[in-house]
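# A closer look at the structure
Here is how the chains run, residue by residue.
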Amino acid sequence: MAAVKTGLGTEKSSRLNRTSVLLLKCLGFIFAIFFFCEFLVYYLVIIQCHWPNPKTETIPNPTTPLKAIFLSDTHLLGEITGHWFDKLRREWQMERAYQSAIWLLQPDIVFILGDIFDEGKWSNSKAWENDVARFQAMFRHPPHTELLVVVGNHDIGFHYEMTVHKLNRFEKAFNLTSGKVVSRKGINFVLVNSVALEGDNCKICRAAEDQILEVSRQLSCSRMKNHPDSVKKCRNVLPVPPSAPILLQHYPLYRTSDSECTGEDAPSPEEKNLLFKEKYDVLSQYASQKVWFTANHTLL
């Protein structure tokens, strides 16, 4: 009987060991799948991206190329309509994609072109502070990389919702003023609050248009150094490189549709011919023409 009991105990112990090994293998397999899908896959995809190699041999006195990444519409969910699990899932994916790109590509500067938050137009002070803190944690970056943002309609509200308070708290959170020129390595970027380009002479709209005119004057002075009146008219103007500006704003300039868009990011054939609504999908024709004119003509 003792021998039989010993044999039964050994067999039972062997089954438990096999079950434990199988369970460990299953857990290891699940962990490997989770690690690949939630962490490693971002590196495997982004490592296929490369910076273009500019041909500098034909350029006199070439400078180091500026490596810039452009993002838009991160739409961090808020406390009103954002479900906690949806927020957790989306923000993890955005954070991993962003951090992987920063680590692999080592950009000099990152621009986010508006609608950083989904509920900035509604958020009270506490919710706003929480959203900003989450953004800063997700989009952290090393000291050698600069992050600049442009305001969008979901950050401060559509034209009829935006207020000076909302605009000021956005600019304070990101230490940035709309309607200015940012120059990096000889390249001029013009940051515009396109939400305010309504053309109805509201307080914020007047300020935005005045800022664009000042930017135009600044750019004009940079290109008119040999003009006889430049010394007098550009005395108090901060100099910038004499290069064509790159306009950065949330709303696109006016166009009737995406019918002429081609390439990998082009919309589907069904969406290409959908007409855009002025002051909602795109800037109005008036605002687009005014921005284009002031950015490309001298005011001296």
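Thresholds applied
What you see as residue numbers is a count from 1 along each chain, following the sequence as written. Confidence filtering applies because this is a predicted model: local features only for residues at pLDDT of at least 70, side-chain atom pairs given and counted only at 80 or more, and all residues used for totals across whole chains, interfaces and linings. Side-chain numbers come from the whole structure's heavy atoms, not from hydrogens or water. Each patch is built from salt-bridge-free residues with over 30% relative accessible area, joining like charges within 9 Å and nonpolar side chains (Val, Leu, Ile, Met, Phe, Trp, Tyr) within 5 Å. Note on areas: Shrake-Rupley with a 1.4 Å probe; residue coverage comes only from the protein chains shown. The rule for a salt bridge is simple: a side-chain nitrogen of Lys or Arg has to be within 4 Å of a carboxyl oxygen of Asp or Glu. Numbering of helices and strands runs from the N terminus, with a helix taken as a DSSP run of H or I at least four residues long and a strand as a DSSP run of E at least two residues long. Note on geometry: axes are lines fitted to C-alpha atoms, helical ones only across the stretch in contact, with angles between N-to-C directions running from 0 to 180 degrees. Contact between two residues is taken to exist if any of their heavy atoms lie within 4.5 Å; hydrogens are not considered. Each residue is assigned to one class: nonpolar for Ala, Val, Leu, Ile, Met, Phe, Trp, Tyr, Cys and Pro, charged for Asp, Glu, Lys and Arg, and polar for all the others, Gly among them. Throughout, disulfides are identified as pairs of cysteine sulfur atoms within 2.5 Å of each other. The buried label goes to any residue with under 20% of its type's maximum accessible area, the exposed label to any with over 50%, and the partly exposed label to all in between, with areas taken from a 1.4 Å probe on protein chains only. A pair of strands is considered paired only if DSSP assigns at least 2 bridges between the two. The quantity called pLDDT is the predictor's confidence in a given residue, expressed from 0 to 100. Definition used in this section: a nonpolar core is a set of buried Ala, Val, Leu, Ile, Met, Phe, Trp, Tyr and Cys residues joined via side-chain atoms within 4.5 Å. Cavity and pocket criteria rest on a 1 Å grid covering protein atoms alone: a 1.4 Å probe that fits but cannot get out defines a cavity, protein on both sides within 12 Å along at least 5 of 7 lines defines an open pocket, and an atom within 4 Å of a point defines a lining residue. Grid points are joined across faces, edges and corners, and a volume is the space filled by probe spheres set on the points.

### Some thoughts on a nonpolar patch on the surface
There is a patch of nonpolar side chains on the surface, built from Leu23, Leu24, Leu27, Phe29, Ile30 and Ile33 and spanning about 640 Å² of accessible area. Note that Ile33 resides in helix 1 (residues 2-46).

### Concerning the packing of helix 2 (residues 84-105) against helix 3 (residues 125-138)
Between helix 2 and helix 3, the least distance of the axes is 9 Å, while the angle of their chain directions is 40°. Taken together, the residues of helix 3 that come into contact with helix 2 (itself represented by Lys87, Glu91, Met94, Glu95, Tyr98 and Gln99) are Arg134, Ala137 and Met138. Residue composition of the contact of helix 2 with helix 3, by class: four nonpolar, one polar and four charged.

### Observations regarding the state of the cysteines
Taken as a whole and judged by the stated rule, the model has one disulfide. Between the sulfur atoms of Cys202 and its disulfide mate Cys205 the distance is 2.4 Å. Taking the sign of the torsion about the S-S bond as the criterion, the disulfide between Cys202 and Cys205, at about 80°, is right-handed. Judged by its relative accessible area of 1%, Cys205 is buried.

### Things to note about helix 5 (residues 164-173)
Residues Lys166, Leu167, Arg169, Phe170 and Glu171 constitute the buried set of helix 5. Each element contacted by the buried residues of helix 5 is listed here: helix 3, strand 3 (146-150), helix 4 (153-156) and helix 6 (203-223). Downstream of helix 5 by a residue or two, Asn175 has a phi angle that is positive, lying close to 50°.

### Points about the sheet that holds strand 5 (residues 187-191)
Spatial ordering of the open sheet is given by 4-5-6, a layout of three strands whose pairing is mixed. Whereas interior strands pair on both sides, the edge strands pair on one side only; in this sheet they are strand 4 (180-184) and strand 6 (245-248). Taken over all neighbouring pairs, the strand axes of this sheet differ in orientation by 30° on average, direction set aside. The pairing of strand 5 with strand 6 spans four bridges and is classified as parallel. Within the sheet, the bridge partner assigned to Leu191 lies in strand 6 and is Leu248.

### Notes on the confidence of the model for the protein chain
For the protein chain, per-residue confidence averages 84 on the pLDDT scale, and 89% of positions sit at 70 or higher. Per-element averaging of pLDDT across the protein chain places helix 7 (residues 230-233) at the bottom with 70 and strand 2 (residues 109-113) at the top with 95.

### Things to note about the sheet that holds strand 3
Pairing in this open sheet of three strands is parallel, and the strands run 1-2-3 from one edge to the other. At either margin of the open sheet sits one strand with a lone partner, and together these are strand 1 (68-71) and strand 3. The average undirected angle you get between the axes of adjacent strands in this sheet is 15°. Alignment of strand 2 against strand 3, held across five bridges, turns out to be parallel. Each bridged residue has a counterpart across the sheet, and for Val110 the counterpart in strand 3 is Leu147.

### Some points on the nonpolar core
The biggest cluster of nonpolar side chains holds 52 residues, and the ones touching the most others in it are Phe111, Ile116, Phe117, Phe135, Phe139, Phe170 and Leu197. In terms of residues, this core owes the most to one element, helix 6, which gives six residues.

### Re empty space enclosed by the protein
With a probe scaled to a water molecule rolled over the atoms, the places where space remains empty come into view. In this structure the tally under the stated criterion is three cavities of 30 Å³ or more. Forming the walls of the largest cavity are 11 residues, and the residues nearest its centre are Leu197, Glu209, Ala287, Lys290 and Val291. At the level of secondary structure, the elements contributing two or more residues to the lining of the largest cavity comprise helix 6 and helix 9 (285-296). Looking at the lining of the largest cavity element by element, the count peaks at five residues for helix 9. Residue composition of the lining of the largest cavity, grouped by class: six nonpolar, two polar and three charged.

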